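In case you want the letters, here they are:
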Amino acid sequence: MHYRYVSLLATGLLALAAGCQKADEAPGCGTLATVRNLTGLDGCGYVLQLDTGKRLEPHGSLWQGFGKHDGDRVTISYESEPGASICMVGEGVKLTCIQAR
């Protein structure tokens, strides 16, 4: 009886551990945002708007290489990276992860 309990517990823990790691998900890419086209504003381009309403002005290679379309939903992670901005609608950030939803 004890062997059966230990075997069941070990199987359950193994399944739980395997379920926690998904290769197709980037770690830390969990902040929801919407791509916004602000090219009509002087000095602006595409920005990200968080669900809280806060706007981010991303830069860096991940953002440059990402196909942007107004209204697209994405998940991101980012680091604050303040700098000079002509647009001045949000916080300057460097994306560390971006995925289309």
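Residues numbered from 1 in each chain as written. Predicted model: local features only at pLDDT ≥ 70, side-chain atom pairs only at ≥ 80, totals over all residues. Heavy atoms only, no water.

Another point: the packing of aromatic side chains. Overall, the coordinates contain one aromatic pair when judged by the stated rule. Ring centres of Trp63 and Phe66 lie 6.5 Å apart, and the angle between their planes is 15°; this geometry places the pair in the stacked category. Across the pair, Phe66 and Trp63 agree in class, each one buried. The ring of Trp63 carries Lys68 above its face, with NZ or CZ at 4.7 Å from the centroid. (Phe/Tyr/Trp six-rings, centres within 6.5 Å; stacked < 30°, edge-to-face > 60°. Buried < 20%, exposed > 50% of the residue type's maximum accessible area, 1.4 Å probe, protein only. Lys NZ or Arg CZ within 6 Å of the ring centre and 35° of its normal.)

Okay, the state of the cysteines next. All chains considered together, the criterion is met by two disulfides. At a sulfur-sulfur separation of 2.2 Å, the disulfide partner of Cys29 is Cys97. On the S-S bond that ties Cys29 to Cys97, the torsion sits near -100°, and the link is left-handed. One end of the pair, Cys29, is in the loop between α1 (2–19) and β1 (31–37); the other, Cys97, is in strand β5 (residues 91–100), with 68 residues separating them in the sequence. (Disulfide = S-S within 2.5 Å. Helix = DSSP H or I, 4+ residues; strand = E, 2+ residues; numbered from the N terminus.)

Mapped onto the secondary structure, Ser77 falls in strand β4 (residues 73–80). A relative accessible area of 11% places Ser77 in the buried class. One polar contact links Ser77 to Thr96, side chain to side chain, over a distance of 2.6 Å. In this view, Ser77 contacts Gly28, Cys29, Lys94, Leu95, Thr96 and Cys97; residues no more than four positions away in its chain are not counted. (Polar contact = N/O pair within 3.5 Å; in protein donor to acceptor, adjacent residues only side chain to side chain. Contact = heavy atoms within 4.5 Å.)

Another aspect to go through is unusual backbone geometry. Residue Met88 is not a glycine yet carries a positive backbone phi of 55°. Secondary-structure assignment places Met88 in the loop between β4 and β5. Given the relative accessible area of 65%, Met88 is considered exposed.

Across soluble globular proteins, you tend to see nonpolar side chains buried next to one another. Ranked by size, the top nonpolar core spans 12 residues in total: Ala33, Val35, Leu48, Leu50, Leu56, Trp63, Phe66, Val74, Ile76, Val93, Leu95 and Ile98. The dominant element in this core, judged by the number of residues it contributes, is β5, at three residues. If we skip the residues at most four places from it in the chain, Ala33 touches Leu48, Gln49, Leu50, Asp72, Arg73, Val74 and Ile76. (Core = buried A, V, L, I, M, F, W, Y, C linked by side-chain atoms within 4.5 Å.)

Pairing is mixed around the closed barrel formed by five strands, whose spatial order is β1-β2-β3-β5-β4. Between one strand and the next, the sheet's axes are offset by a mean angle of 55°, whatever the strand orientation. Here β1 pairs with strand β2 (residues 46–50) via five bridges, running antiparallel. Residue Ala33 lies in a different strand from β2, and its bridge partner there is Leu50. (Pairing = 2+ DSSP bridges. Axes fitted to C-alpha atoms, helices over the stretch in contact; angles between N-to-C directions.)

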